[in-house]
Amino acid sequence: MTTNSGRPLSFRRQRPETVDSANPEALFGDLPKLPQRVAPLWGHQTDQLRTYFDKYKDAADVALELPTGSGKTLVGMLIAEWRRRHLRQRTVYACPTVQLAKQAAEKADNQGIQVSLLTGGIKEWDTRLLHSYEAGDSMAVTTYSSIFNSNPKLGDAQTIVFDDAHAAENYVAGAWSIDVDREEPLFDGIVEVLRPSLDGHLIARLSGSHGGSKGDADVHLVPPSTILRHEAELEAALRGALGKDPRKYALSMLSGQLAACCLYISGRSILIRPMVPPTVDHPAFNGAVQRIYLSATLGGAAEIERSFGRTKIARIPVPDEWNRSGGGRRFFVFPELADRTAEPGLSVGELVTRIMAQAPKRVLLGQSDEGVEDIADILEVSKDERYWVRDKPEGRAFKDFVTAEAGTLLAANRYDGMDLANDSCRLLLIDGLPSVMHAQDQFLLSRVHAGEVLAERLRARIVQGMGRCTRGPKDYSVVVINGQELTSFLSKEDNVSPLPVEIQAEIRFGRSASHHSSLDIPALVASALAQDELWQTEAEPDIVSTRAESKVVRPASDAVLESSAPHEVKAWAAAWRRDWKAATTHAIAACDVLDRGQLRTYRALWLFLASEFLKMAGAEPGSAEDLKAKEMLREAHVLTARGTWLREVAPESGSSFEATPTDLEAACNITALGTAIAIKAKRDKRIGTMLEGLNAPGTGSGKYEAALVTLGQFLGADSFKPEFKGRTDAVWRWDSLWLTLEAKSEQKSGGLLSMDYVRQANTQLKSLKADLEVDAIPDGSITVIVSPRLVVDTDAVPIAEEHLYLAEPRTLLGIGLEVKRLWQDLEAVSLTGPDAPSKVAGLLWEHRLLPEQLRERLTTDRIH
């Protein structure tokens, strides 16, 4: 008897076949028991599967490292499918986004693996697919947010595979994060709750009462102990304001636990979150029998442990087979490095346009929709030729681009999960250095100066982006590196040497080839795209030879961070349980691992956190615990001697702000200058002339140098241009800090900062010491090269002294504009009387113009 479906009528249905686990070859060799459509595996995929089965099939947490284009999705799918069939477990395959989940489900279907795609709102789920997963008849494919939320409907998974785990931090921590924009009334409500414990100068900055500071991007930390004092009021304010807002779900995750969070506040937003997500207290994640993390790069700094809140994750490294075969071929082009002397009027943008015209299909990968649209406009891409990775009503979708004959794909912030294999696309432009993801990252990077903690995540995003058009060993593409920041990053060997050797070789070859004439660069791109005789006889052998000589060199800090990670995770897990003594113990253990050298600023942060937890544990004034907390704070202040964040949250004196002798020196100089130029019109004219010079850096070095000297004077420095030949262009001098500034402002933005400039700048502090006839240069003194060129000749980087930094002219202009606002505020302050210097120092603090704050603003880009 047949039915309308055309199949024989039967009460029986075919169930999945069970695989024999006694034979590893049957499981992870040819996989004869898996669906017949599973494609033949590459050798490195088989190697990873065998290693997993032999050593890690019973591990609670295991990460598999397979680079971009190596087929990690299939490996993860096969492991999950085996655990579903053989172990009869409920298995979930989680992706960061809905689009990536759809792609994974499509790949599974192509391989004959039965999955239930469960994305979007729970009410939209197909209940038949949900029940299929629950019965163990299919694998659920979903997003991270289905696991990490306040009421997970997939909360009983026994095996969870996390794809793109290297990009997971924000997706995991987001479940415990509340972000508040400056324009929301809730922002002011939170500030009002915390007002009794916030520094008055910080409140003034946040209120915008000092001429434009309201949008200031500096991130300030409100520590856990402060939140503990206002915890009930803060939660009430959040609960009252959020109502039906989707952020109410994050609040429910944080309810009663706000004291185990940090609050990051700037003139633009507030972020409330634990530093490490408390996944140990989340049954949907922690209750799984096994968690599997698929990553294009695992690094050596335990980034993945911090991202998922695990103390230890076993690792299966990249197989040797992959290191031998590689992931396709890329020709990296650096337009900023091209020799444009034959075309002196040619801009970098015009050269990029020529390069991107070498192929009918191209991808523009940047950080925002606006950024990639701007590039498309420069390339004169018509609206009907634009495709979007994200569905947009005004443009065609990603799937349309894959099959199109020509077009430009605009890919904002899509460094992962965009597969353009074979002839789908051969030309990719990456615009700019991937930025920090959220306020916590920004705080660690720009205030704590602990970039080492974030370096692995940044490298992973860049490597992922590079591989969008090389999805297998036989693929090839041209990758255009657009923008000075990214070019500068990839010009420094300490950023390149931790990358896979294949990419190291390709980057080094690309840097060298990009020094050719701008007239020749498009032809070299055309050769790479054609894979013609020129490419095969010159480029390919050179890359292969360079690769053979390359090796992965991990930063020395990686091993230390890896050792520290378990203690960091345990400290925040204990804080989540409100076991402040245990949190203190683990925080101190992290400090014991973190060294006082390269990671001294990160150690200072953990010393501060340890003192916070000890204080929250109820240390009595004068007790041994109280003395220990003060001792840790003292060391933290020593380690952050040139930083200002700790002075904001834990001044050594205990007051909200205490001026140092250097601060008061600057303030006294300002009061003297204000008295000398008492006529407002005269003072405004000098500031106006200074800003005119700073705003026109290319009009003549003499005018710009004079503006730098004037700027230093209005900052309270002993500011001058040395008279002797070959000396620096401007000196800003205080007793305990010297800043020498080398103005190369007349240069155009394209090209390299030469070795001669670096050699000259190296000696300026020593020359100043000799001219002043003093015994020593103050510790922490710096030389800043002010130039629109942010890319340094690679041969010059190793010879640069550690005190040598780069800054763009716009950075100095920004300081100049803040100086104008400072002096406007000084009009309301009496510059006479004994308390005048302390009042002026307070205003300098609010405007971020104290000597140490200036140093902090000018030291974001060290050359060496």
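Use the structure listed above.
It should be emphasised that the depicted structure is a prediction, and the values quoted were computed from it without experimental measurement.

## Some remarks on the overall build of the chain
And step 1. Along its length, the chain carries 37 helices and 23 strands.
And step 2. Computed over its C-alpha atoms, the radius of gyration of the chain comes to 29 Å, within 12% of the 29 Å expected for a compact globule of 864 residues.
And step 3. Once the C-alpha set of the chain is aligned to its principal axes, its extents read approximately 105 × 70 × 50 Å.
And step 4. Put simply, the chain has 864 residues, and 57% of those count as buried.
And step 5. Looking at the chain alone, contacts between residues at least 24 apart form 73% of all its contacts between residues at least 6 apart.
And step 6. Total accessible area on the chain stands at roughly 35,000 Å², and carbon and sulfur atoms take up 51% of it.
And step 7. Placing the 101 positive and 118 negative side-chain charges of the chain at their respective mean positions leaves the two points 4 Å apart.

## A word on the pairing of strand S23 (residues 804-807)
Side chains on a regular strand alternate between the two faces of the sheet.
And step 1. Burial along S23 is two-sided: Leu804 and Leu806 facing one way and Tyr805 and Ala807 facing the other are all buried.
And step 2. Sheet topology note: the strand S22 (residues 782-786)/S23 ladder contains 4 bridges and is parallel. Within S23, the position partnered with Val784 by the bridge is Tyr805.

## Description of the sheet that holds strand S4 (residues 139-143)
And step 1. Spatially, S3-S4-S2-S5-S10-S1-S11 is the arrangement adopted by the 7 strands of the open sheet, whose pairing is parallel. A strand with exactly one partner marks an edge of an open sheet, and here the two such strands are strand S3 (115-117) and strand S11 (314-316). Between one strand axis and the next, the sheet turns by 20° as a mean value, whatever way the strands run.
And step 2. Strand direction decides the pairing type here: strand S2 (residues 91-95) and strand S5 (residues 159-162), joined by 4 bridges, are parallel.

## A word on the pattern of salt bridges
And step 1. Throughout the structure, instances matching the rule amount to 56 salt bridges.
And step 2. In this structure, Glu305 and Arg315 form a salt bridge, with 2.6 Å as the shortest nitrogen-oxygen distance. Of the two residues, Glu305 is situated in helix H13 (residues 303-308) and Arg315 in strand S11; the sequence distance between them amounts to 10 residues.
And step 3. Three or more residues are tied together by salt bridges with common partners; here these are Arg329, Arg330, Glu502, Glu506, Glu540 and Arg547.

## Overview of the nonpolar core
And step 1. Counting 106 residues, the largest nonpolar core has Phe148, Ile190, Leu263, Phe308 and Trp606 as the members making the most contacts within it.
And step 2. If near-sequence neighbours (up to four positions away) are discounted, Phe148 is found in contact with Phe162, Val172, Ala175, Trp176, Thr279, His282, Phe285 and Phe308.
And step 3. Counting 46 residues, the second largest nonpolar core, distinct from the first, contains Ala743, Ile782, Tyr805 and Leu812.

## Considering the packing of helix H2 (residues 43-56) against helix H3 (residues 72-86)
And step 1. Packing of H2 against H3 brings their axes to within 10 Å, and their N-to-C directions diverge by 35°. In terms of crossing hand, the pair formed by H2 and H3 is right-handed. Of H3, the residues touching H2 (which contributes Gln45, Leu49, Tyr52 and Phe53) are Leu74, Val75, Leu78, Ile79, Trp82 and Arg83.
And step 2. Residue composition of the contact of H2 with H3, grouped by class: 8 nonpolar, 1 polar and 1 charged.

## Describing the layout of surface pockets
Where empty space is left in the structure can be found by rolling a water-sized probe over the atoms.
And step 1. Of the voids in this model, the second largest pocket is the one considered here, and its volume is about 1,400 Å³.
And step 2. For the second largest pocket, the lining is made up of 46 residues, of which Gln103, Lys107, Asp419, Ala421 and Arg471 are closest to its centre.
And step 3. Elements with a contribution of two residues or more to the lining of the second largest pocket: H3, helix H4 (98-110) and helix H17 (398-403).
And step 4. In terms of residue count, H4 provides more of the lining of the second largest pocket than any other element does, 9 residues in total.

## Considerations on the side chain of Ser477
And step 1. Relative to the elements of secondary structure, Ser477 occurs in strand S18 (residues 476-482).
And step 2. You can call Ser477 buried: its relative accessible area is 4%.
And step 3. For Ser477, the residues in contact, after removing those within four places along its chain, are Arg329, Arg330, Phe331, Arg426, Cys469 and Thr470.

## What about the side chain of Arg414?
And step 1. Structurally, Arg414 can be placed in the loop between strand S16 (407-412) and strand S17 (427-431).
And step 2. At 2.2 Å, the side chain of Arg414 forms a polar contact with the side chain of Gln99.
And step 3. Ignoring sequence-local partners within four residues, the contact set of Arg414 consists of Gln99, Leu100, Gln103, Leu365, Val389 and Arg468.

## So, the packing of helix H27 (residues 600-616) against helix H28 (residues 624-639)
And step 1. Their axes nearest at 8 Å, the elements H27 and H28 cross at an angle of 160°. Classified by the angle between their axes, H27 and H28 sit roughly antiparallel to one another. For the pair H27 and H28, the crossing hand works out as left-handed. From H27, Arg600, Thr601, Arg603, Ala604, Leu607, Phe608, Ala610, Ser611 and Leu614 reach across to H28, where they touch Glu625, Lys628, Ala629, Met632, Leu633, Glu635, Ala636 and Leu639.
And step 2. Classifying every residue of the contact of H27 with H28 gives 10 nonpolar, 2 polar and 5 charged.

## A look at the environment of Arg508
And step 1. Topologically, Arg508 is positioned in helix H22 (residues 501-513).
And step 2. When its relative accessible area of 22% is taken as the criterion, Arg508 is described as partly exposed.
And step 3. Each C-alpha atom, one on Arg508 and one on Val496, is 8.8 Å from the other, the two residues being 12 residues apart in sequence.

## A short note on the sheet that holds strand S6 (residues 178-181)
And step 1. Read across the open sheet, the 4 strands follow the order S6-S9-S8-S7; overall the sheet is antiparallel. Looking at strand neighbours, the two that pair on one side only are S6 and strand S7 (220-222), the edges of this open sheet. Direction aside, the axes of adjacent strands within the sheet are offset by 20° on average.
And step 2. Of the pairings in the sheet, the one linking S6 to strand S9 (residues 269-273) comprises 4 bridges and is antiparallel in character. Bridge assignment links Asp181 to a residue of S9, and that residue is Ser269.

## Considering helix H31 (residues 680-694)
And step 1. In this model, H31 (15 residues) spans 21 Å end to end at C-alpha, consistent with the 21 Å of a helix rising 1.5 Å per residue.
And step 2. Every buried residue of H31 is listed here: Arg683, Ile687, Met690, Leu691, Gly693 and Leu694. For H31, the buried positions fall inside an angular range of 160° around the axis, keeping them on one side. Those residues of H31 that are exposed and aimed more than 90 degrees away from the buried face are Ala681 and Lys685.

## Considerations on empty space enclosed by the protein
And step 1. By the definition in use, this model includes 3 cavities of 30 Å³ or more.
And step 2. Volume-wise, the largest cavity comes out at about 170 Å³.
And step 3. Lining the largest cavity are 15 residues, and of these Met275, Arg306, Gln440, Val453 and Arg457 lie nearest its centre.
And step 4. Those elements that place two or more of their residues in the lining of the largest cavity are H13, helix H18 (439-447) and helix H19 (451-466).
And step 5. Roughly 70 Å³ of internal volume is contained in the second largest cavity.
And step 6. Those elements that provide at least two residues to the lining of the second largest cavity are H13 and H19.

## Regarding the environment of Leu844
And step 1. Looking at the secondary structure, you find Leu844 in helix H36 (residues 836-846).
And step 2. Residue class for Leu844 comes out buried when judged on its relative accessible area of 0%.
And step 3. The sequence separation of Leu844 and Ala666 amounts to 178 residues, and the corresponding C-alpha distance is 9.0 Å.

## A look at unusual backbone geometry
And step 1. Notably, Ala302 is not glycine yet its phi reads approximately 65°, a positive angle.
And step 2. On the basis of relative accessibility, which here comes to 2%, the residue Ala302 falls in the buried class.
And step 3. Its identity as a non-glycine residue notwithstanding, Asn413 has a phi of 55°, on the positive side.
And step 4. Mapped onto the fold, Asn413 is located in the loop between S16 and S17.

## Description of the environment of Asp793
And step 1. Of note, Asp793 is situated in the loop between S22 and S23.
And step 2. Classification of Asp793 by relative accessible area gives partly exposed; the value is 21%.
And step 3. The spacing of Asp793 and Ala168 is 625 residues in sequence and 35 Å in space, taken between C-alpha atoms.
And step 4. Within the local environment of Asp793, its side chain forms a polar contact with the backbone nitrogen of Asp795, the two atoms lying 2.9 Å apart.

Calculation notes
Residues numbered from 1 in each chain as written. Predicted model: local features only at pLDDT ≥ 70, side-chain atom pairs only at ≥ 80, totals over all residues. Heavy atoms only, no water. Helix = DSSP H or I, 4+ residues; strand = E, 2+ residues; numbered from the N terminus. Rg over C-alpha atoms; globule rule 2.2 N^0.38 Å. Buried < 20%, exposed > 50% of the residue type's maximum accessible area, 1.4 Å probe, protein only. Contact = heavy atoms within 4.5 Å. Areas by Shrake-Rupley, 256 points an atom, 1.4 Å probe, with all protein chains shown as cover. Lys, Arg positive; Asp, Glu negative; His and termini not counted. Charge placed at Lys NZ, Arg CZ, Asp CG, Glu CD. Pairing = 2+ DSSP bridges. Axes fitted to C-alpha atoms, helices over the stretch in contact; angles between N-to-C directions. Salt bridge = Lys/Arg side-chain N within 4 Å of Asp/Glu carboxyl O. Core = buried A, V, L, I, M, F, W, Y, C linked by side-chain atoms within 4.5 Å. Left-handed = near helix turned anticlockwise from the far one by under 90°. Nonpolar A, V, L, I, M, F, W, Y, C, P; charged D, E, K, R; others polar. 1 Å grid on protein atoms, 1.4 Å probe; cavity = no way out; pocket = protein on both sides within 12 Å on 5 of 7 lines; lining within 4 Å. Points joined across faces, edges and corners; volume = space filled by probe spheres on them. Polar contact = N/O pair within 3.5 Å; in protein donor to acceptor, adjacent residues only side chain to side chain. Parallel < 35°, antiparallel > 145°, perpendicular 65-115°, else oblique. Expected span 1.5 Å × (residues − 1). Arc of directions from axis to C-beta.

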